[in-house]
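Results of the structural survey
Below, each chain spelled out in residue letters.
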Amino acid sequence: MRTVTEPVSPPPCQTLYASGTGDATQAIQTALNTCARGKVLHLAASEKTDIFYSGPLSLPSGVSLAIDKGVTLMAVANPARFDAGKQTCGTLDDSGKGCKPFIWIKNAVGSGIYGQGMIDGQGGAVMVGRNQTWWQLAKEAQKSDSKQNAPRLIQIDNSSDITLYQITLKNAPNFHIVGNRSNGLTLWGITIDTPAFARNTDGFDPMGSTNVTLTHSVIGTGDDNVAIKAGNASTSHISIVENKFGSGHGMSIGSEINKGVSDVDVNLLTLNGTTNGLRIKSDRSRGGLVTGVTYRNICMENVKNPIVLDTRYESKAQGDSLPVFRDITFDQVKVLTPGTLIFQGDSNSNPMVTTLKNVTLARNSEIHNKYDIIHGTIAQGATGSCP
């Protein structure tokens, strides 16, 4: 519901040069706090180093951060620095909410992160005072059916008109970017580059938000490349346009869709090497209405499950929040290597409904479907290459 154009970095308020003398948290935060609204703080290399080591930072409303090309803002691998107050950061429990994010944008208007530099969360670094990395902690949580307390890289809460432009993000201990209950998020020309084995490192999760654009970006990570969620508030008017996804779990909606997801446009997307391609996932413990979703001009190769519409994501889930998938359209979708497609509705009385237009699969692909109404057909024999 807005016009989105390529962002332009605001004018600078100050430039900080990397000192090479350790923790720069206080210097960066003080500079951000004194930066005038509508301006940006630049982080630049010095003759000594091009790395700023920092603990958690927050962006004031209207103030932005720019990281120059060749410069890295690196999170210290110290759980105590990110602890949210209960001394649980870097440990396992049942909540997983014990850490502050690395960069927090909260109750802000017009803030952003710019520049061709890098933000590195050091998810693969051994934590101070521990004998394991953040990612090893996540693996341990998976084995013990608990939750890891690890910081998200960028958390955007209750904000509007927030921009991320050209920045590279890597090695998040947990999710890379979360946009929560926000209106007007623009991610343009960003890169997310994190290993496929790094558990729970979602690329971008807009949740309870509206007017969101991700464009001209490249995302490779260890979990969902994008996961649109609506657990606590509805999510709508999302544009995922002209992007490339590498390793990861795909272009996902769900699994928390309790409050509803609508008006999603995924256009000009290339996926190569994701485990899933286009996926909507939920179950009766956290279901809701997903409607008005269009996938257009999609090309996939080396994708195990190119299309997954699954209302029984957790087969043993209990509850009355039934997933309802309606008005889901696939138009000009090409799958160049064999894979498995899943169309799984909830029941005969609650089938999933989708429309297929010009969908072509590689030969030897499989289609599993149950409790579904599909308008249109799928052709076999896709050829060519993805852009």
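That block above? That's the structure.
In this report, the structure presented in the accompanying data block is examined. Remember, it's a predicted structure, so these values are computed and weren't measured experimentally.

Some thoughts on the overall build of the protein
- Within the protein, the secondary structure is distributed over three helices and 33 strands.
- By the compact-globule yardstick of 21 Å for 387 residues, the protein fits well, its C-alpha radius of gyration being 21 Å.
- Along the first, second and third principal axes, the C-alpha atoms of the protein reach 60 × 45 × 35 Å.
- The buried share of the protein, taken over its 387 residues, is 57%.
- Across the protein, the fraction of contacts at a sequence separation of at least 24, relative to all contacts at a separation of at least 6, is 76%.
- Counting every atom, the protein has about 15,800 Å² of accessible surface; 46% of that belongs to carbon and sulfur.

Some words on the side chain of K281
- Assignment of secondary structure puts K281 in strand β25 (residues 276–281).
- There is a polar contact of 3.0 Å between the side chain of K281 and the side chain of D224.

Let's talk about the packing of aromatic side chains
- Within the structure shown, the criterion is met by four aromatic pairs.
- With 6.2 Å between their ring centres and 65 degrees between their planes, F82 and F102 make a pair best called edge-to-face. One end of the pair, F82, is in helix α2 (residues 79–82); the other, F102, is in the loop between β7 (92–93) and β8 (103–106), with 20 residues separating them in the sequence.
- Seen in terms of ring centroids, Y295 and F330 are 4.8 Å apart; in terms of plane orientation they differ by 15 degrees. Their pairing is stacked. Taken as a pair, Y295 in strand β26 (residues 289–301) and F330 in strand β28 (residues 324–335) lie far apart in primary sequence, 35 residues in all.
- With a relative accessible area of 1%, Y295 lands in the buried category.
- F330 gets classed as buried once you look at its relative accessible area, which sits at 0%.

Section: unusual backbone geometry
- Here the residue pair G254 and S255 is connected by a cis peptide bond, since its omega of 10 degrees sits within 30 degrees of zero.
- Residue position: S255 is located in the loop between β23 (251–253) and β24 (261–272).
- Phi at D161 takes a positive value of approximately 55 degrees, unusual for a residue other than glycine.
- One can find D161 in strand β13 (residues 160–165).
- Classification of D161 as partly exposed rests on a relative accessible area of 46%.
- One non-glycine residue, N302, lies in positive phi territory at about 60 degrees.
- With respect to the secondary-structure elements, N302 resides in the loop between β26 and β27 (305–310).
- Of the residues examined, N302 reaches a relative accessible area of 47% and is grouped as partly exposed.

A word on the environment of R2
- Along the chain, R2 falls in the segment before β1 (12–17).
- Given a relative accessible area of 31%, R2 falls into the partly exposed group.
- Each C-alpha atom, one on R2 and one on I105, is 21 Å from the other, the two residues being 103 residues apart in sequence.
- In contact with R2, not counting residues within four places along its chain, are G184, L185, T186, N211, V212 and T213.
- Engagement of the side chain of R2 in a polar contact is seen with the side chain of T186, the distance being 3.1 Å.

Points about helix α3 (residues 134–144)
- Residues W134, W135, L137, A138 and A141 constitute the buried set of α3. Seen along its axis, α3 keeps its buried residues to an arc of 155 degrees; they face one direction.
- Where α3 is buried, its residues meet α2, β7 and β11 (147–148).
- In the segment just after α3, D145 is the residue with positive phi, at about 55 degrees.

Quick word on the nonpolar core
- Within the largest apolar cluster, 86 residues are counted, with the highest numbers of intra-cluster contacts made by L73 and I119.
- Filtering out sequence-adjacent residues up to four positions away, I119 remains in contact with I67, L73, F102, I103, I113, L153, I154, I167, T168, L169 and K170.
- Listed in part, the five residues of the second largest apolar core include V40, A66, Y114 and Y165.

Description of the pairing of strand β5 (residues 64–67)
- The alternating pattern of β5 places S64 and A66 on one face and L65 and I67 on the opposite face, and all of these are buried.
- Where strand β2 (residues 40–44) and β5 come together, four bridges link them in parallel fashion. Within β5, the residue paired with L41 across the bridge is L65.
- Sheet topology places β5 next to strand β9 (residues 112–114); three bridges connect them, and they run parallel. In the strand pairing of β9, L65 is matched with I113.

A short note on the pattern of salt bridges
- Applying the stated criterion across every chain, the model contains eight salt bridges.
- A salt bridge links D205 to K229; its shortest N-O distance comes to 3.7 Å. Of this pair, D205 sits in strand β18 (residues 204–207) while K229 sits in the loop between β21 (226–228) and β22 (235–245), placing them 24 residues apart in sequence.
- One network of salt bridges, with partners in common, ties together D205, K229 and E256.

Observations regarding helix α1 (residues 25–34)
- Listing the buried residues of α1 in full gives T25, I28, Q29, A31 and L32. Relative to the axis of α1, the buried residues are bounded by an arc of 160 degrees and lie together on one face. In α1, the exposed residues that point more than 90 degrees away from the buried face are Q26, N33 and T34.

Definitions and limits used
- Residues numbered from 1 in each chain as written.
- Predicted model: local features only at pLDDT ≥ 70, side-chain atom pairs only at ≥ 80, totals over all residues.
- Heavy atoms only, no water.
- Helix = DSSP H or I, 4+ residues; strand = E, 2+ residues; numbered from the N terminus.
- Rg over C-alpha atoms; globule rule 2.2 N^0.38 Å.
- Buried < 20%, exposed > 50% of the residue type's maximum accessible area, 1.4 Å probe, protein only.
- Contact = heavy atoms within 4.5 Å.
- Areas by Shrake-Rupley, 256 points an atom, 1.4 Å probe, with all protein chains shown as cover.
- Polar contact = N/O pair within 3.5 Å; in protein donor to acceptor, adjacent residues only side chain to side chain.
- Phe/Tyr/Trp six-rings, centres within 6.5 Å; stacked < 30°, edge-to-face > 60°.
- Arc of directions from axis to C-beta.
- Core = buried A, V, L, I, M, F, W, Y, C linked by side-chain atoms within 4.5 Å.
- Pairing = 2+ DSSP bridges.
- Salt bridge = Lys/Arg side-chain N within 4 Å of Asp/Glu carboxyl O.

Treat this as a map of the structure, not an account of what it does.
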